[in-house]
There are 2 protein chains.
Amino acid sequence: MNFSKEQLQDFCYQIFLKMNVSEKHAALASKVLIEADLRGIDSHGLARLSGYLRLWEKGRINANANPKIIRETLSTATVDAEGGFGLIAAPFAMQIAIDKAKQCGSGWVSVKNSNHFGIGAYHAMMALEHDMIGISMTNASPLVAPTLSKERMLGTNPMCYVFPSKKHLPIVIDMATSTAANGKLEIAQRLGKELPSGWVQTKEGEPSTDANALKNGGSLLPLGSDKDHGSHKGYGLGAAVDILSAVLSGANFGPWVPPFVAFLDPDPNPVGEGIGHFFGAMRVDAFREKEEYFNSIDTWIERFKNAERIDPTQAVLIPGEPEFECYAKRSKEGIMLNEVVLEDLRELGAKMGIEL
Amino acid sequence: MNFSKEQLQDFCYQIFLKMNVSEKHAALASKVLIEADLRGIDSHGLARLSGYLRLWEKGRINANANPKIIRETLSTATVDAEGGFGLIAAPFAMQIAIDKAKQCGSGWVSVKNSNHFGIGAYHAMMALEHDMIGISMTNASPLVAPTLSKERMLGTNPMCYVFPSKKHLPIVIDMATSTAANGKLEIAQRLGKELPSGWVQTKEGEPSTDANALKNGGSLLPLGSDKDHGSHKGYGLGAAVDILSAVLSGANFGPWVPPFVAFLDPDPNPVGEGIGHFFGAMRVDAFREKEEYFNSIDTWIERFKNAERIDPTQAVLIPGEPEFECYAKRSKEGIMLNEVVLEDLRELGAKMGIEL
């Protein structure tokens, strides 16, 4: 069953209103959420709505938060998200980065006291219409073990880099710093399938292909999977995201990041407030004549699209290309929700008196 | 045979003088180069000296270059390295980033028309004494194939993030965005050993464990190794480094980056000038009270050092820890050069009339 973007966005909007979120914020949060489904990042869209609701029911999300700047320089700022939705704090912070870039070439914003911000690409892509490079990152609940460790110390801590272009679609690099994101494990679990090696390890730190390894106390592996294949690099990237997002802003970091699932309680002795994000914007014309930049980036895209293929039927992709294709398709044909998500949403709707 | 840091640095200094580099620049370039050997990044230190010399002999390095700012805003700048040594242009550009961060919180500098810059960590670590976060990146000669391609399109394009600390050693994340750096292949070649799977592919794009695969026209694989293990992420990171370093500055990008080896000619139709770098500096107190930042980062380091070990005898490492250990050891005991490098340097010395 396919739903139109408008249908789903309105459903979300109504649910956010029921949580006493203001109309303005409800419209924004539902837009950010549906963008994930449109881009094909199903694990970060509507599938998360009931998770947000449960956190709110537990009093762990402040529906009336108004994110505010608590410290700033000409090119930087720190934002307190006041314990509210990351879906709202993130675009607020990214807009500050953009405004600062207008003034002085670049803008950089670290955010504390926030919650899950949806997909990084939404926020970083706000830079595009201003001919700016956009950057977004966030830390997340600990699931990933550093190289040589069996303990969950880092989230899948994604980083996103977005580069504007002219003739072609922009370049959107949006990636978890673990080998596989949790969403991929959940799919394998549902299908009862084995995982590729190098995604997870058991509680004892043994390599595993069991889709339930994480459920049973194991951990995800950093990008690179093992020492021979550079897992210390994935660990390093996850660490950089954690520090920029949380040590710089005053949010919780590492194993102290509060869990997204409401049935697990946050650490009673936190080292900061909420979770953290980091955003950046740079004007391309702060570095180079706009026209020259756009000529070069379009050449870059054309050349990489035409890189020699291994399989003649499989084209080399530009980062972000599959998501743009999905976006176009789903904007036209609607969004198909999987059964589990649909049932979950209908239950949620019934409880809140909103029909889907 | 062990050499003292001073001995090797002086040898380098004399060689640079013979290339008609100014005294000031020769001192800087030799310091940057020896730093790589001290930190244990042997492939990027003295072992490169004869490579630099051959490029200079071919007229591909301008020994009298004076890097200069060609465009700037309050928080950004673009530098023209005038075809000189990256070893000199990089610290120049990083200093600009630091000066801008002093003024407005952060500074960001893209560099064109440069050459190999040694190790990224040297430049990014310049931020540390100013209580700033340091970032450095560079593109490099094409050796890495994007996911689904068999063509060398990107360099090993390293990125480096450095975070200052107080009680402990700083965090230094310095990593190629390929699974393995070229230096590791050369070691396996010398020892006649097989490579782990996932490092290289053949000219036809077939997975390979042959240490000579690259020599025979194959390519390195992006961090992640294959699609199942996130090679599109390594490809994305390498792309981001390429664009920030070169598309933003006007240097050559992708397959057009001139080869480091002098026996290969640069593309006769370049898309830019030389190779490109990118640097960043952010004041920690632009985001948070210094003392709070330092308390948090020290807590971060302590907690990660104490993460549960898989093997009780192998401690979890903080990024940069092994290099600091090597630095301390080699500063005291001297630097042991391997036979091939030593022979190469003595040959070079004989030719230039400098004794080692």
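Basis of the calculations
Going along each chain's sequence as written, the residues are numbered from 1 onward. Following the order in which they are written, the chains are lettered starting with A and the ligands numbered starting with 1. Residue-level local features of this predicted model are given only where pLDDT is at least 70; pairs of side-chain atoms are given and counted only at 80 or more, and the full residue set underlies all totals for whole chains, interfaces and linings. In this text, helices come from DSSP runs of H or I with a minimum length of four residues, and strands from runs of E with a minimum of two, each type numbered from the N-terminal end. We call two residues in contact when the distance between their C-beta atoms, placed using the backbone, is within 7 Å. When the copies are superposed, the least-squares fit takes in the C-alpha atoms of residues with a pLDDT of at least 70 in both. Whether two strands pair depends on DSSP finding at least two bridges between them. A residue's pLDDT is the confidence the predictor assigns to it, expressed on a 0 to 100 scale. We call a set of buried Ala, Val, Leu, Ile, Met, Phe, Trp, Tyr and Cys residues a nonpolar core when their C-beta atoms link them within 7 Å. Burial in this document is a count-based property: other C-beta atoms within 10 Å of a residue's C-beta are tallied, and the residue is buried at 20 or more, exposed at 12 or fewer, or partly exposed in between, with C-beta positions derived from the backbone. A fitted line through C-alpha atoms serves as each axis, taken over the contacting stretch for helices, and the angle formed by two N-to-C directions is quoted from 0 to 180°. Each angle is binned into one of four classes, with values under 35 degrees roughly parallel, values over 145 roughly antiparallel, values of 65 to 115 roughly perpendicular, and all other values oblique. Any residue outside Ala, Val, Leu, Ile, Met, Phe, Trp, Tyr, Cys, Pro, Asp, Glu, Lys and Arg is labelled polar, Gly included; the first ten of those are nonpolar and the last four are charged. Domain start and end points were adopted from an automatic or database domain assignment. Here the expected span of a helix is defined as 1.5 Å times the quantity of residues minus one. Relevant arc is that of directions from the helix axis to the C-beta atoms, nothing else.

## Topic: the overall build of chain A
- What chain A contains, in helices and strands, is 10 helices and 12 strands.
- Taken along its principal axes, the extent of the C-alpha atoms in chain A is 50 × 50 × 45 Å.
- When contacts within chain A are restricted to residue pairs at least 6 apart in sequence, those whose partners lie at least 24 apart make up 61%.

## Here we look at the interface of chain A and chain B
- Contacts between the two partners involve 66 residues from chain A, matched on the other side by 66 residues from chain B.
- Of all the elements in the fold, those that place two or more residues in the side of chain A that touches chain B are β3 (76–80), β4 (106–114), β6 (159–163), β7 (171–175), α7 (231–247) and α8 (290–305) of chain A.
- Top contributing element to the side of chain A that touches chain B by residue count: α8 of chain A, with eight residues.

## Quick word on the relation of the copies chain A and chain B
- Of the transformation placing chain A onto chain B, the axial shift is 0.0 Å and the rotation is 180°, giving an RMSD of 0.0 Å. Read as a symmetry element, the transformation amounts to a two-fold axis. Taking the C-alpha atom as reference, chain A places G224 of chain A closest to the rotation axis, 2.5 Å from it.
- Both copies contact each other with a shared surface, as 100% of the interface residues of chain A are interface residues in chain B too.

## A look at the pairing of strand β2 (residues 68–72) of chain A
Residues and elements named next belong to chain A.
- Taken together, the four bridges between β2 and β3 define a ladder with antiparallel strand orientation. Pairing of K68 across the sheet is with D80, part of β3.
- Two successive antiparallel strands, β2 and β3, enclose a turn made up of three residues.

## Considering the sheet that holds strand β8 (residues 200–201) of chain A
All names here are of chain A.
- With antiparallel pairing, three strands are arranged side by side in an open sheet as β9-β8-β10. Looking at the sheet topology across the chains shown, the edges are occupied by β9 (207–208) and β10 (219–220).
- When β8 meets β9, the two strands line up antiparallel, connected through two bridges. Following the sheet pairing, Q201 is matched in β9 by P207.

## Side note on the confidence of the model for chain A
- In the predicted model, chain A carries a mean pLDDT of 97, and the fraction of residues at 70 or more is 100%.
- Quick note on the complex model: pTM equals 0.98, ipTM equals 0.98.

## Digging into the nonpolar core
- Of all hydrophobic cores here, the largest spans 232 residues; its most connected members are A93 and V162 of chain A together with A93 and V162 of chain B.
- The contacts of V162 of chain A, once residues within four sequence positions are left out, are A121, A124, M125, A127, L128, I133, G134, P170, I171 and V172 of chain A.

## Regarding the sheet that holds strand β9 (residues 207–208) of chain B
- As summarised here, the arrangement of the three strands in space is β9-β8-β10 (chain B), forming an open sheet in which the pairing is antiparallel. Edge positions in the sheet fall to β9 and β10 (219–220) of chain B, since each has one partner strand and no second.

## Quick look at the packing of helix α3 (residues 49–57) of chain A against helix α10 (residues 339–352) of chain A
All names here are of chain A.
- Between α3 and α10, whose axes approach to 9 Å, the crossing angle comes to 40°. One element, α3, and the other, α10, form an angle in the oblique class. Between α3 and α10, the contacting residues are L49, S50 and L53 on the first element and D344, L345 and L348 on the second.
- Classifying every residue of the contact of α3 with α10 gives four nonpolar, one polar and one charged.

## Describing the domain arrangement of chain A
Residue and element names in this part refer to chain A.
- With domains assigned, chain A is organised as domain 1 (1–64 + 333–356), domain 2 (65–177 + 226–286) and domain 3 (180–220).
- The centre of domain 2, based on its C-alpha atoms, is set 25 Å off from the matching centre of domain 3.
- Listed per partner, the contact involves eight residues of domain 2 and 10 residues of domain 3.

## Details of α8 of chain A
- Its 16 residues place the ends of α8 of chain A 23 Å apart at the C-alpha level, agreeing with the 22 Å of an ideal helix rising 1.5 Å per residue.
- Of the residues making up α8 of chain A, those classed as buried are Y293, S296, I297, W300, I301 and F304 of chain A. End-on view of α8 of chain A: buried residues confined to an arc of 135°, all on one side of the axis. Exposed residues on α8 of chain A whose side chains face more than 90 degrees from its buried face are E291 and E302 of chain A.
- In this structure, the buried residues of α8 of chain A make contact with β6 and β7 of chain A together with α7 (231–247) of chain B.

## As for the environment of G183 of chain A
All names here are of chain A.
- Looking at the secondary structure, you find G183 in helix α6 (residues 182–191).
- Residue class for G183 comes out partly exposed when judged on the 14 C-beta atoms lying within 10 Å of it.
- Taking the C-alpha atoms as reference, G183 lies 8.4 Å from D42; in sequence the two are 141 residues apart.

## A few points about the pairing of β6 of chain A
Residue and element names in this part refer to chain A.
- Across the five residues of β6, five count as buried, placing the element largely inside the fold.
- On β6, burial covers both faces: M159, Y161 and F163 on one face and C160 and V162 on the other are all buried.
- Relative to β6, strand β5 (residues 132–138) is paired through four bridges, and the arrangement is antiparallel. Bridge pairing links M137 to M159 in β6.
- The pairing of β6 with β7 spans five bridges and is classified as antiparallel.

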